[in-house]
Amino acid sequence: MNRIRLLVFNPALPVLDYKVPAHLSVEPGSLVLAPLGPRQVLGIVWEADRLPGDEVPEAKLRPILEVLPVAPLAAPLRRLIEWCADYYVAPMNAVARMALGSMAALRGGGTTTEYRLSGHEPKRLTPQRAAAMDALHGEQATIRELAAIAGVSEAVLRGMANTGILEPVTVDLDRPYPRARADFAVPDLSAEQRQAADRFIAAVDAEEFRPFLLDGVTGSGKTECYFEAVAEAIRRKCQVLVLLPEIALTENFLRRFEARFGTPPVLWHSSLKASERRRAWRAIASGEAQVVVGARSALFLPYARLGLLVVDEAHEVSFKQDDGVRYNARDVAVIRARFEKVPVILASATPALESLEMAEAGVYERVVLPDRFGGAQLPEIAVLDLRKEPPERGRWLAPRLVGEMRERLERGEQSLLFLNRRGYAPLTLCRHCGYRFQCPNCSAWLVEHRLSRRLSCHHCGHEVPVPDECPECHTGDCLVACGPGAERIADEVKELLPEARTALVTSDTLNSPERISEFVAAAEQGLIDVIIGTQLVTKGYHFPELTLVGVVDADLGLEGGDLRAGERTYQQIAQVAGRAGRGEKPGEVLIQTRHPEAAVIAALAAGDRDAFYAAEAEGRREAGAPPFGRWAAIIVSSEDEAEAREASRAIGGARPNLPDVLVLGPAPAPLALLRGRYRYRLLINARRSAQLQDVIRQWLASLSFPQGVRVSVDIDPYSFV
Ligand code: ADP
Ligand code: ZN
């Protein structure tokens, strides 16, 4: 191969052709450095016939400079990148970038220097250094990472390294991970579990593409079952990827994994330290990493020998990425399994309607675990009609729910209150003049956080301290909190049950692996009586003494025009209900609602999952919504409101006129201002017969926009804001 074509990572550049000098050799997938003007670019050698572009004449070809010392991206991964770019109408280099994960890792192994406290404590310390020393206990990382952890400047830490308070440690980037042992602690499976596990194991042995929907009630042992397939892959020296919807769940997972396989798996997520990232990437690419557990970004990594993919809590919305390349990791996992010719297991107690339909259609093999493990019963679910049994004035918990909590407290059992809203109150206003605190960058209210005494925007992160007076009318002591957040519910519990030990579980309070472990340990040891949490506590946890779940506001998720609002509410409540009664004692669930007649609530109360899904499917069929029809969105944004509006109108004006494609809008997006950008959106509803992506590509290709306008396409959107 002498003439080659590169996929490069600068989206502004076309594909580039080069030649390979005699002393180098490349193959498709090789990562190379090439000259570009006075600079160098990183590129992936791609099959020229799969990467359209103008061919550079022979005489103009420049030689590449270097082939990077890592394995070439294998063909199945290259096909996956092409598939994603095509399906999600995204630039191929943006997709390919996700496979690289750590640029530094491409430079080869070797060592890096990290720092940690040396144990040497000078007699006198500046307050900054003293604070840094407190913050850095047990930490080892680069100066830059330590600076972020300690909240001081890098200069302070460099000073501490010079005076010997911090000591350098040389870290070998390619030091091996401890080996997971397939037979370390094999569980006794129930007959049903055994059957499920055997089907997965057979698929791993067959080394062929087989998609499974593992549909098992909460507490049925789904994890135990797919662990048997993981064990089989380990025996066959294949790699496994387990995708989890959020990092908060990994803590729990790591412990269970270690108990089963004798060592933790390799972790991949966005907050890894640079050295961990390099080490993990290199172990994944070399095949040394046996089992990788990660967030959705782990999906595109260059596994050397993948043998099995698992997507746990596969129904979770967080598998959908809503910026950059807008993809759904659950769906891409199935596609990757197809290209890699390996089985994939989607595990859930409340599968997405899309997944259920694939099972109905026989595309996915459905594996059902209908019962909880060890004879535990599913909880009793009752509805609490807030119109008939209202809470006291200024409170959010109805007397019956409080009564049930008090009983649990007296019996030494645990309760869990679920409200999917962080902070103290979703809206703060001035009692005097009516001023409402709004984010300057987004069309959203600022949410009060009493713990941190701040008002913060949950969309862009904008924060201000809670002021003493109204910024508008300057009256003092006049701010009123409207509506409840989890913090406020926690306060209410402390007032109503002062003797109860409470734990507030939100992404604000459980923001590190250490804190998550502390919480889990405290809950398991019975040091917590009432857990108050957001969706963070709905999944994964197994607390045998937890016998009561209260859903504070079941109607919350049904507000807003989200197409999946019903399904999401069903899933969330069914999942959080699934935390109750997992041990020997039976569980009870109370759902507070103003709409007991709503289909979702009625189905939950009747424990009739099939009826819910049937009704939901019927509604979607009528609306031409997924999985029966298709949706896509085009989102237009700009810092200039007029520019965004103009651009969205231009797109609307060029809409295709096709019988199977319906275009709605343009209209201001529900979140009309986000991070300082004005947003308009068009919604496209298409029949399954339509070539939706081609239609959108051709439609947009005919238009051009001013510099400041961003146009993004969202195929199979989840968020409608
Ligand atoms: P799910 O993921 O379906 O909610 P889990 O896999 O978390 O269920 O299992 C629920 C609990 O039951 C866990 O504590 C798990 O360790 C335990 N369990 C499930 N199956 C077995 C088994 N065969 N042997 C021992 N414990 C089991
Ligand atoms: Zn904001």
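Residues numbered from 1 in each chain as written. Chains lettered and ligands numbered in written order. Predicted model: local features only at pLDDT ≥ 70, side-chain atom pairs only at ≥ 80, totals over all residues. Heavy atoms only, no water.

Thoughts on the overall build of the protein
As a reminder, the rule being used: Helix numbering and strand numbering both begin at the N terminus, where a helix is a DSSP run of H or I of at least 4 residues and a strand a DSSP run of E of at least 2. C-alpha atoms define the radius of gyration, and 2.2 Å times the number of residues to the power 0.38 defines the globule rule. Burial classes follow relative accessibility: with a 1.4 Å probe on protein chains only, a residue under 20% of its type's maximum area counts as buried, one over 50% as exposed, and anything between as partly exposed. When checking whether two residues touch, look at their non-hydrogen atoms; a contact exists if any pair is within 4.5 Å. All accessibility values rest on the Shrake-Rupley procedure with a 1.4 Å probe; residue burial counts only the protein chains present in the view. Charged-residue counts in this description rest on Lys and Arg as positive and Asp and Glu as negative, His and the chain ends being excluded. Think of each charge as sitting on NZ of Lys, CZ of Arg, CG of Asp or CD of Glu.
Across its full length, the protein carries 19 helices and 29 strands. The C-alpha atoms of the protein give 27 Å as radius of gyration, which agrees with the globular expectation for 721 residues (27 Å, within 12%). With respect to the three principal axes, the spread of C-alpha positions in the protein is 85 × 75 × 70 Å. Per-residue burial over the protein gives 53% buried out of 721 residues. Put simply, of all contacts in the protein between residues at least 6 apart along the chain, 75% involve residues at least 24 apart. As displayed, the protein offers around 31,500 Å² of accessible surface, 50% of which is attributable to carbon and sulfur atoms. Counting 86 positive and 94 negative side-chain charges, the protein places the averaged centre of each group 5 Å from the other.

Examining the coordination of the zinc ion (ligand 2)
What counts, and what does not: Donor atoms (N, O, S) are those found within 2.8 Å of the metal centre, with the cutoff raised to 3.2 Å for Na, K and Ca; water is not part of the atom list, so apparent gaps in a site can occur.
Looking at the zinc ion (ligand 2), the protein donor atoms are Cys439 (SG), Cys442 (SG), Cys457 (SG) and Cys460 (SG), and they sit 2.3 to 2.4 Å from it. Sequence spacing of the donors to the zinc ion (ligand 2): C-x2-C-x14-C-x2-C. Here Cys442, found in the loop between strand S17 (427-430) and strand S18 (447-449), pairs with Cys460, found in the loop between strand S19 (454-456) and strand S20 (463-465); they are 18 residues apart in sequence, far enough to count as distant. Among the residues examined, Cys442 registers a relative accessible area of 1% and is labelled buried.

Some details on the sheet that holds S19
Formally: We call two strands paired when DSSP finds no fewer than two bridges between them. Every axis corresponds to a line fitted to the C-alpha atoms, with the helix fit spanning only the stretch in contact, and the corresponding angles, defined between N-to-C directions, vary from 0 to 180 degrees.
Overall, antiparallel pairing links the three strands, which are arranged S18-S19-S20 in an open sheet. Looking at which strands have only one partner, the edges of the open sheet turn out to be S18 and S20. Ignoring strand direction, the axes of neighbouring strands in this sheet form an average angle of 25°. Relative to S19, S18 is paired through three bridges, and the arrangement is antiparallel. Pairing of Val447 across the sheet is with Ser456, part of S19.

Description of the nonpolar core
Basically, it comes down to this: Only buried Ala, Val, Leu, Ile, Met, Phe, Trp, Tyr and Cys residues count toward a nonpolar core, and they belong to the same one when joined by side-chain atoms within 4.5 Å.
Residues Phe519 and Ile696 are the most contacted members of the largest nonpolar core, which totals 123 residues. The contacts of Phe519, once residues within four sequence positions are left out, are Ala503, Val505, Leu510, Ile528, Ile531, Tyr541 and Phe543. One finds Ala203, Val230, Val242 and Leu308 within the second-largest nonpolar core, a separate group that totals 32 residues.

Some thoughts on the site of ligand 1
To keep it simple, the criterion reads: In these notes, residues near a molecule or strand are those with any non-hydrogen atom within 4 Å of it. Pairs of N or O atoms within 3.5 Å make up the polar contacts considered here, provided that, within protein, one atom can donate a hydrogen while the other can accept it, and that residues adjacent in sequence are counted only when both atoms are side-chain atoms. Here the term charged refers only to Asp, Glu, Lys and Arg, the term nonpolar to Ala, Val, Leu, Ile, Met, Phe, Trp, Tyr, Cys and Pro, and the term polar to all other amino acids, Gly among them.
Among the 15 residues in the neighbourhood of ligand 1, the closest are listed as Asp188, Gln193, Gly219, Lys222 and Arg256. Between an oxygen atom of ligand 1 and a main-chain N or O atom of Gly219, the distance comes to 2.7 Å. Interatomic distance of 3.5 Å between a side-chain N/O atom of Arg582 and an oxygen atom of ligand 1. Computed on the free molecule, ligand 1 has an accessible area of 550 Å², of which 79% lies beneath the protein chains in the complex. It is helix H7 (residues 222-235) that contributes the most residues to the shell around ligand 1, three residues altogether. The residue makeup of the shell around ligand 1, split by class, is three nonpolar, seven polar and five charged.

What about helix H19 (residues 692-701)?
Threshold: The reported arc concerns the directions from the helix axis to the C-beta atoms and nothing else.
Where H19 is concerned, the buried positions are Leu692, Gln693, Val695, Ile696, Trp699 and Leu700. Buried positions in H19, seen along its axis, are confined to an arc of 160° and lie on one side of it. Opposite the buried face of H19, by more than 90 degrees, sit the exposed residues Gln698 and Ala701. On its buried face, H19 is in contact with helix H1 (75-87), strand S26 (629-638), helix H18 (641-653), strand S27 (661-674), strand S28 (677-687) and strand S29 (710-715).

Side note on the domain arrangement of the protein
So the rule is basically this: Residue ranges assigned to each domain were obtained from an automatic or database domain assignment.
Split into domains, the protein comes out as domain 1 (3-74), domain 2 (111-172), domain 3 (191-373), domain 4 (376-421 + 484-620) and domain 5 (629-715). Computed over C-alpha atoms only, the centres of domain 1 and domain 2 are separated by 42 Å.

Focus on the sheet that holds S29
Strand order in the open sheet formed by four strands is S27-S28-S26-S29, with antiparallel pairing between adjacent strands. Either end of the sheet is taken by a strand with one partner, and the two such strands are S27 and S29. Sheet twist, expressed as the mean angle between neighbouring strand axes with direction ignored, is 20°. Where S26 lies against S28, 10 bridges are found, and the strand directions are antiparallel. Within S28, the residue paired with Arg630 across the bridge is Ala686. Across the sheet, H18 is in contact with S26, S27, S28 and S29; its angle to S28 comes to roughly 15°. Sheet contacts for H19: S26, S27, S28 and S29; angle to S26, the most-contacted strand, approximately 25°.

Some points on the pairing of S17
Burial along S17 is two-sided: the residues Leu427 and Leu429 and Thr428 and Cys430 are all buried. In this structure, S17 lies alongside strand S21 (residues 479-482), joined through four bridges in antiparallel fashion. Looking at the pairing, Cys430 lines up with Leu479 of S21.

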